[in-house]
Amino acid sequence: MKQRIGIHALGLAIPRRYVDMEELARARGIDPGKYIQGLGAREMAVAEPGEDTVALAAQAARRALAASGVPASKLGMLVVGTETGVDHSKPVASFVHGLLGLPQAMRVYDTQHACYGGTAGLMAAVDWIASGAADGRAALVVCSDIARYGVGTAGEPTQGAGAVAMLVTTDPAIFELDVGISGTASSHVHDFWRPLGLREAQVDGHYSVQCYLDAVSAAYRGWRTRAIQREVIRGVGMASERLARICYHVPFCKMARKAHLQVRRCDLEDAGAPWDASAEETRGVASFREQVEPSLGLCARIGNIYTGSLYLGLAGLLDAQASALAGERIGLFSYGSGCTSEFFSGVVARGAGYRIAAARFGELLAARERISVAEYERIMALPPTAPLVPRSANADDIRFVGVTDHRRQYASR
Ligand code: HMG
């Protein structure tokens, strides 16, 4: 019998403060329509020094474990996907392992390839379970990042921060993956990068959008070929329409719309139909509204969280529609600048709605504080090691509190 592998539980951690995008646009002398409609952003999470990549990862991981009902003793692997780690040698995963008091007999490491790092971790966890090496144990995959381009840059409205943790098991109570069915696409491009020593990403913005679109075309076609061969999708018409929803990597929400129109274009052109841009203004946009927009709720209010952005989209989608989507197939597209990418898929589990509701994403958002642009700029100017007294009201709070003798220190409640 086919082994079932997928997401059993999800945990989310976000900074406690955010800026409103309309206010940010006005402060920059830009028409708010550009940020709100042009990019699709509403709010942007602002991480303080205490909310570093480790603290966010540990908090999300702790929440996923608590929601899962799986004891820590049943874990055999912890992978953190991140491109904003805190040390050149010691992985974020190692800090998380210690902060959560996880078992010694585990594989613990980070994976990095820009925003694809989390998917690299997820695929490693799936392979580890499928190979039999897991021996009945579960894997914890955490995606944690702080997206930072700098004040006043074109990338500024596409910043954000947060972590998504996924417990991967053979009892996928939330989302079962179509194991082995994916399409990949990679090329050596300088669309986005961050040289060692720099806190701010360097980006060739418009080129990065084109690199993403080239990647989604190739990866989607790879997935489609395998999905048809293995009869994961059946029926006539556009293959992308056989997917109930598609979650894309979301550097900003408008990117998901561009990606979706590109995927439809692949389907239409490969079927020999001419690309009719004006017809797609109606049909494609209607398809975007139904198949993609429901996944953008959390992304629009948090921003780009790099490795976690795709999974933030999935979490937001399931938070909004899990019960209605039970048994339905969802497509997922992961993109990491540089670049590598993967299109894959899975099926929403029955009962996922109940599990997602328990993760209380709405409460996490509601507990946040809106800050002024001046306060956001003050935070951006702080050195990364500025000490911060833990102040969050969350009972499960974890904070970075400073460096002693070159060792990072954390306070955990
Ligand atoms: P920009 O040049 O400032 O913006 O940078 P624009 O002029 O292209 O305008 C953006 C959109 O707003 C356009 O819509 C305008 O028409 C519209 P589009 O033509 O694209 O559909 N617009 C308006 N709409 C309504 N009312 C108005 C108005 N004015 C303009 N008044 C850019 C935009 C995304 C390039 C910039 O923000 C940037 O560089 N962002 C960072 C890079 C990025 O996010 N790239 C995405 C692909 S790469 C990726 O996803 C990987 C990544 O996550 C990193 C990783 O892998 O680790 C980034």
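Residues numbered from 1 in each chain as written. Predicted model: local features only at pLDDT ≥ 70, side-chain atom pairs only at ≥ 80, totals over all residues. Heavy atoms only, no water.

Enquirer: If you had to explain the sheet that holds strand S3 (residues 43–46) to someone new, which residues and values would you point to?
Expert: Strands in a sheet are paired, the pairing made by backbone hydrogen bonds, and the direction either parallel or antiparallel. Pairing in this open sheet of 3 strands is mixed, and the strands run S3-S2-S14 from one edge to the other. Among the strands making up the open sheet, the edge pair consists of S3 and strand S14 (369–370). (Pairing = 2+ DSSP bridges. Helix = DSSP H or I, 4+ residues; strand = E, 2+ residues; numbered from the N terminus.)

Enquirer: An account of unusual backbone geometry is requested, with residue identities and associated values reported.
Expert: In this model, Gly338 is joined to Cys339 through a cis peptide bond whose omega is 0°. Looking at where Cys339 falls in the secondary structure, it is placed in the loop between strand S12 (329–336) and strand S13 (340–348). Despite not being glycine, Asp135 shows a phi value in the positive range, around 50°. Looking at where Asp135 falls in the secondary structure, it is placed in the loop between helix H5 (117–130) and strand S6 (138–147). By relative accessible area, Asp135 is classed as exposed at 67%. (Buried < 20%, exposed > 50% of the residue type's maximum accessible area, 1.4 Å probe, protein only.)

Enquirer: Outline the pattern of salt bridges, supporting the account with residue identities and numerical values.
Expert: Under the criterion given, the structure shown has 29 salt bridges. For Arg289, the salt bridge identified is with Glu293, shortest N-O distance 3.8 Å. Given the relative accessible area of 36%, Glu293 is considered partly exposed. Measuring nitrogen to oxygen at the nearest pair gives 3.0 Å for the salt bridge that ties Arg399 to Asp397. Residues joined in a network through salt bridges with shared partners are Arg16, Arg17, Glu48, Glu369, Glu375 and Arg378. (Salt bridge = Lys/Arg side-chain N within 4 Å of Asp/Glu carboxyl O.)

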